[in-house]
Structure formats: structure tokens, C-alpha cells
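Descriptive structure summary
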Amino acid sequence: MPGRRSKRYRAIVLDRTKLREQDLILTTLSLGGEQIRAVAKGARKPGSRLAASTELFCDIDFLVSEGRGLPIVTEAQLITGHKHLSYDLDALSCASAICEVARMTCYEDVEDPFLHPLLARSLDACEQAQGRAHLDVVYAAYTFKVLSHCGWRPILNTCVSCGEQCGTRFCTLAGGVLCESCAKDVEGAMPVETWQVEWIRAIIGLTFDKLMAAEIDQATAGFLSSIAHEWAATHLDCRLRASEFFTGA
Ligand SMILES: [Zn+2]
């Protein structure tokens, strides 16, 4: 085609939007951390060669033809499919919530090599997680890690407002923990225990290997995923429907 050039990307499929009868618009996160949207023509046609490699969560190697309008996928090769996710509703819903946060924290034409490896590891962890509590940890860890990286790291060591060492309340809007006296003037500052703050610090700082090996009860894991959802929805300033579904918010 005149005026079009080819480009190859490796990327994870974050979202699929129906286009016309049989096509899809893919929203993906590239290895370099850019958000790349492209049209996969005929991807919804049964037996299409693009169908299997353009499923959600797929890590793919694809060739696009760029010109006016969105790039068009001309070839796609599957690297990792995360097939196991489709057998477990909780894991599937966790991976969907993670990809939704991923979509809101990457941008067209902005490279960030931190993003793709973190997402790939988180999706692997969704498959490895043994039970609901660990899925809650995976979602919370991904969400707090990516938001911290993007500039919304919660302040956990000292009161956000006065800098005092002891924080007994947590307020998402204020950006972290507050001491009892500062919390009096802040709406929505909820009481937190020291061990809960320790857990938030752990999911930001520890690797997925360490987190998956850690023992955690469901109440603590549920606390972490719901506070992660609130943190993301507040600071990204948007409604996160897949996260709402996963966390029951
Ligand atoms: Zn204070």
C-alpha cells in the first residue's frame, strides 16, 4: 500500500474493542512500555489466523502496517497465551482488573521499560496463585507497584501532614498514613493497624516470588486489594469496572 510502512512490536493485549462485523481494535502494552492500538482485521471470524493470538492477556509478536489512522495488524505470533486463566473465574477476573490498571498507566508515544516486565510477571502470578487470597495479593501488588512507579507512591513511614513517626490512619486522598491529631481534620481517614501498613509496604517492595511464598489470610488479602483499588481509582481519577468486579467494591 502506498504511504504505509511496516513495524514490528512485542506487546501484551490489554483490551479488545469490537469494530464492524469481524474486526477488533486491540489496545496493547509494548515491550518498550508504550500503549499501542491497532486494528486486527477479521480477528472475530471463526478460524481466523489472528483469533488465537489476539486474545486478552496474550503476549504477542506482531507486525503492523502504519499509515493514516490506526495501524493494521498484518501478522501476529503468540509468545505466551495464559490459557490457564480461562479455567478459573477468580484468576481471570484478577488478570482483567490488572490489565485495566495497565491500560490506564501507559501512554502512546511514551516509552517506559518498567511496565511490560511488571505486567508479564503479574499475569504469570495470576496463573500461579493458589487461591483467592494470593490473587488479591497479586492484584494489590501490581496496582501499588505500577502506581508507585508512576508517581503515586503512598507515604507510609511518617504522617503525610506533620511528619510525625506514628501513623494510625490511612487516607488515599491525602496520600498515605496520618497521625491521630492530623486525621481529625481529614475526611475519609480510616484507622489502620501497624501490620496493615507493613503489608502495604511489603507488596510494593517485595518481589512476586517472595509474595507468592508468603502466608496471608483472606481478610488481610481482601483489605490489600480493596485499598489498592481505591488508591488506583482515586489517583487515576477514573472508574475501574474490572477492578470493582474483582474486589467487590
Ligand atoms: Zn500528623
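The structure displayed is predicted, hence computed values, not measured ones. (Residues numbered from 1 in each chain as written. Predicted model: local features only at pLDDT ≥ 70, side-chain atom pairs only at ≥ 80, totals over all residues. Heavy atoms only, no water.)

So, the overall build of the protein chain
Selection rule: Comment: elements are numbered from the N terminus, with helices defined as DSSP H or I runs of at least four residues and strands as E runs of at least two. Any residue under 20% of the maximum accessible area for its type is buried, any over 50% is exposed, and the rest in between are partly exposed; the area is computed with a 1.4 Å probe on protein chains only. Contact criterion: two residues are considered in contact whenever any of their non-hydrogen atoms come within 4.5 Å of each other. For the area figures, the Shrake-Rupley method with a 1.4 Å probe applies, and any residue is considered shielded solely by the protein chains shown. Under the convention used here, Asp and Glu are negative, Lys and Arg are positive, and both His and the chain ends fall outside the count. Taken as the charge location is NZ of Lys, CZ of Arg, CG of Asp or CD of Glu.
Helix and strand counts for the protein chain come out as eight helices and eight strands. Across its three principal directions, the C-alpha atoms of the protein chain cover 65 × 35 × 30 Å. Counting over 249 residues, the protein chain shows a buried share of 51%. Long-range pairs, those at least 24 residues apart, make up 58% of the contacts in the protein chain between residues at least 6 apart in sequence. Element-wise, carbon and sulfur atoms account for 51% of the exposed surface of the protein chain, whose accessible area totals about 12,300 Å². Each charge class in the protein chain was averaged separately, 26 positive and 31 negative side chains, and the resulting centres sit 9 Å apart.

Regarding the domain arrangement of the protein chain
Selection criterion: Reported domain spans reflect what an automatic or database domain assignment gives. Note: buried area is the sum, over both parts, of the accessible area (probe 1.4 Å) each one loses when the two are combined. Note on definitions: salt bridges are taken to be side-chain nitrogens of Lys or Arg within 4 Å of carboxyl oxygens of Asp or Glu. When residues are grouped by polarity, Ala, Val, Leu, Ile, Met, Phe, Trp, Tyr, Cys and Pro land in nonpolar, Asp, Glu, Lys and Arg in charged, and all others, Gly among them, in polar.
In terms of domains, the protein chain is made up of domain 1 (5-81) and domain 2 (88-247). Averaged C-alpha coordinates put domain 1 and domain 2 at centres separated by 29 Å. Facing the 17 residues of domain 1 at the interface are 19 residues of domain 2. Buried surface at the junction of domain 1 and domain 2, both sides included, amounts to about 1,500 Å², of which 66% is carbon and sulfur. For domain 1, the biggest contributors to the area lost against domain 2 are Leu-14, Gln-35 and Phe-57; these three give 39% of the whole. Seen at the junction of domain 1 and domain 2, the total is zero salt bridges. For the side of domain 1 that touches domain 2, the elements supplying multiple residues, two or more each, are β1 (5-19), β2 (23-30) and β3 (35-40). Among the residues making up the side of domain 1 that touches domain 2, the classes are represented as seven nonpolar, five polar and five charged.

Considering the coordination of the zinc ion
Selection rule: Each metal site is built from N, O and S donor atoms within 2.8 Å (3.2 Å for Na, K and Ca), and since water is not included, such sites may look incomplete. Note on geometry labels: four donors, all angles 85 to 135 degrees, give tetrahedral; four donors become square planar and six octahedral when opposite donors are over 155 degrees apart and every other angle is between 65 and 115; remaining cases are irregular.
Here the zinc ion is held by Cys-159 (SG), Cys-162 (SG), Cys-179 (SG) and Cys-182 (SG), and the distances to it run 2.3 to 2.4 Å. Taken together, the four donor atoms coordinating the zinc ion span angles of 100 to 117 degrees at the metal, a pattern that classifies the geometry as tetrahedral. When the donors of the zinc ion are listed by position in the chain, the intervening gaps give C-x2-C-x16-C-x2-C. Taken together, the positions of Cys-159 in the loop between α3 (132-149) and β6 (169-171) and Cys-179 in the loop between β7 (176-178) and α4 (180-183) put the pair 20 residues apart, joining distant regions of the chain. You can call Cys-179 buried: its relative accessible area is 2%.

A closer look at the packing of helix α1 (residues 89-104) against α3
Each pair of packed helices can be described by the angle between their axes along with the distance between the axes. Rules: Lines fitted to C-alpha atoms define the axes, with helix axes restricted to the stretch in contact, and inter-axis angles between N-to-C directions lie between 0 and 180 degrees. For classification purposes, angles smaller than 35 degrees are called roughly parallel, those larger than 145 roughly antiparallel, those between 65 and 115 roughly perpendicular, and all remaining angles oblique.
Two numbers describe how α1 lies on α3: the axes approach to 10 Å, and their chain directions differ by 5 degrees. As the angle between them shows, α1 and α3 are arranged roughly parallel. On α3, the residues that touch Asp-90, Ala-91, Cys-94, Ala-97, Ile-98, Val-101 and Ala-102 of α1 are Arg-132, Leu-135, Val-138, Tyr-139, Tyr-142, Thr-143, Val-146 and Leu-147.

Structural notes on the pairing of β3
The condition that has to hold: Each pair of strands is called paired provided DSSP finds at least two bridges between the two strands.
Of all six residues in β3, five are buried; the element is thus mostly enclosed. Note: β2 against β3, six bridges, orientation antiparallel. Across the sheet, residue Leu-29 finds its bridge partner in β3, namely Gln-35. Remark: four residues form the turn of the hairpin made by β2 and β3, two consecutive strands paired antiparallel; Gly-33 in that turn has positive phi of roughly 95 degrees.

Digging into the pattern of salt bridges
Taken as a whole, this structure holds ten salt bridges when the rule is applied. Ionic pairing is found between Arg-5 and Glu-66, a salt bridge with its closest N-O pair at 3.3 Å. Of this pair, Arg-5 sits in strand β1 while Glu-66 sits in strand β4 (residues 59-66), and the two are 61 residues apart along the sequence. A salt bridge links Asp-136 to Arg-132, with the shortest nitrogen-to-oxygen separation between them at 3.1 Å. One end of the pair, Asp-136, and the other, Arg-132, are both in helix α3, four residues apart, so they sit about a helical turn from each other. Of the residues examined, Asp-136 reaches a relative accessible area of 1% and is grouped as buried. Among the residues examined, Arg-132 registers a relative accessible area of 25% and is labelled partly exposed. Connected through shared salt-bridge partners, Asp-90, Arg-132 and Asp-136 make up one network.

Side note on the packing of aromatic side chains
To keep it simple, the criterion reads: Under the pairing criterion, centres of Phe, Tyr and Trp rings, with the six-membered ring standing for Trp, must be within 6.5 Å; the plane angle then separates stacked pairs below 30 degrees from edge-to-face pairs above 60, leaving the rest tilted. By definition here, charges over rings are those cases where NZ of Lys or CZ of Arg is within 6 Å of the ring centre and within 35 degrees of the ring normal.
Going through the model one piece at a time under the given rule, you end up with four aromatic pairs. Geometrically, the ring pair formed by Tyr-9 and Phe-62 is tilted, given 5.8 Å between the ring centres and 35 degrees between the ring planes. Of this pair, Tyr-9 sits in strand β1 while Phe-62 sits in strand β4; the two residues are 53 residues apart in sequence, bridging distant segments of the chain. Considering the side-chain rings of Phe-170 and Trp-231, the 5.9 Å spacing of their centres and the 50 degrees angle between planes classify their relative orientation as tilted. Placement of the pair is Phe-170 in strand β6 and Trp-231 in helix α7 (residues 218-236), with a sequence separation of 61 residues. What links up through ring pairs into an aromatic cluster is the set Phe-144, Phe-170 and Trp-231. The cationic tip of Arg-132 hangs over the ring face of Phe-246; the distance from NZ or CZ to the ring centre is 4.0 Å. Above the face of the Phe-208 ring, Lys-145 is positioned so that its terminal group lies 5.6 Å from the ring centre.

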